[in-house]
Amino acid sequence: MSRVARVLHAPDATLPRAASLPWMIHDGRRIRTGTAAQLRPDFRGLLRDYRRRDFVVPYPGGSLKFGGRTLVMGVLNVTPDSFSDGGLLLDPERAVAAGLAMEGADVLDVGGESTRPGADPVSTDEEIRRVEPVVRALARRGRLVSIDTAKPAVARAAFAAGARILNDVTALADPDLAREAARARVPVVLMHMKGTPRTMQRNPIYGDVVAEIVDFLHGRMDRALSVGIPRARILLDPGIGFGKSPDHSLEILRRLEEFRSLGRPVVVGTSRKSFIGHVLGRPVGERRDGTAATVTAAVLRGADMIRVHDVREMADAARMADRMK
Ligand code: HH2
């Protein structure tokens, strides 16, 4: 049983002191200490969020529905240097064809800047030049497109071209990006990262990795709310591999259920990542089966959407896992 689940099932008389539970946060109230009677409303709210499975996330022109099968986000990197598919889709026509071929993808996540460890930054103009035609063509063909960017101007151009979701690996570090998302009324994926892509894999250290990420995501949800992005449009992502050692990534997957206490859909991106290579000793081109195992584990532990490169295969893995929940 996870630690949150253990707390939720504890008889009132033995509720542990909150000082050891930094992730017990609900509706902006942090549970510090108190008698069982004082804590009961907080636990009730937490339990309600924790049990929640059905979410409707509106975007301009439609809505994402969670609670049935796990949704699938297909990765389309229009970059020369992404860690697993860099250079393959730099030509817009190829990128569009690859997106259209992603059978079973609910969302196509278009990105124009690699976030792999040590990646070089890309200028705003270059990033727009890469993603805009791809977003426009896919949106015109009726695909739901998310834009994977941390730059306000890129997001604005992508929304104008038809992107309907913002996927931000910096979780609204830039207030201008938050305002763009609020203005466009799009859902946002808030992802946790420790450090920056340049530095994040240099010996990341956590006390309790899950507790720290939950706390961080809670803070970034508040930031989103404060600029006018409603709760209903927020999705959360623990950021596998972003400032995490292989053990951290594995622990996040092992304890994924705990993120449910935040009461929002959980997105998980394990696809082909280095922790899989670390466990299996496989290069990036040979991590599909390992990825399928992580997708299965993530779905069984409550992921609402998986972000993957091998869409058809991982959609199958997710569909099987859905039936075993
Ligand atoms: N991972 C990557 C990029 N964006 N977004 C979310 N929400 N979650 C993730 O786990 C995530 C993400 C890294 O993968 P990829 O896009 O394949 O590589 P690169 O950043 O090198 O383009």
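The structure we're discussing is the one just above.
Computed from a predicted model, the values in this text were never measured in an experiment.

Q: An account of a nonpolar patch on the surface is requested, with residue identities and associated values reported.
A: A contiguous nonpolar surface patch, about 320 Å² in accessible area, is contributed by L300, M320 and M324. By secondary structure assignment, the location of M324 is in the segment after helix 11 (311-323). On the basis of relative accessibility, which here comes to 53%, the residue M324 falls in the exposed class.

Q: So what about the packing of aromatic side chains? Which residues, and what values?
A: Applying the stated criterion across every chain, the model contains zero aromatic pairs. For the cation-ring pair, K194 lies above Y206, with the distance from its terminal atom to the ring centre recorded as 4.2 Å.

Q: How would you summarise helix 3 (residues 92-100) if you had to cite specific residues and measurements?
A: Turning to helix 3, its buried residues number three or more, namely A95, V96 and G99. With its buried residues spanning 95° around the axis, helix 3 presents them on a single face. Along helix 3, exposed side chains directed more than 90 degrees from the buried face belong to E93 and R94.

Q: Any chance you could break down the site of the ligand for me, citing the residues and the numbers?
A: Near the ligand, the surroundings consist of 18 residues, among which S82, S114, T115, D237 and H309 are the closest. At 2.8 Å from a nitrogen atom of the ligand is found a side-chain nitrogen or oxygen belonging to N167. In this structure, K273 approaches the ligand through a side-chain N or O atom, which is 2.7 Å from an oxygen atom. Of all the elements in the fold, those that place two or more residues in the shell around the ligand are strand 5 (71-77) and strand 9 (188-191). By residue class, the composition of the shell around the ligand is six nonpolar, seven polar and five charged.

Conventions we followed
Residues numbered from 1 in each chain as written. Predicted model: local features only at pLDDT ≥ 70, side-chain atom pairs only at ≥ 80, totals over all residues. Heavy atoms only, no water. Patch = residues over 30% accessible without salt bridge, like charges linked within 9 Å, V, L, I, M, F, W, Y side chains within 5 Å. Areas by Shrake-Rupley, 256 points an atom, 1.4 Å probe, with all protein chains shown as cover. Salt bridge = Lys/Arg side-chain N within 4 Å of Asp/Glu carboxyl O. Helix = DSSP H or I, 4+ residues; strand = E, 2+ residues; numbered from the N terminus. Buried < 20%, exposed > 50% of the residue type's maximum accessible area, 1.4 Å probe, protein only. Phe/Tyr/Trp six-rings, centres within 6.5 Å; stacked < 30°, edge-to-face > 60°. Lys NZ or Arg CZ within 6 Å of the ring centre and 35° of its normal. Arc of directions from axis to C-beta. Near = heavy atom within 4 Å. Polar contact = N/O pair within 3.5 Å; in protein donor to acceptor, adjacent residues only side chain to side chain. Nonpolar A, V, L, I, M, F, W, Y, C, P; charged D, E, K, R; others polar.

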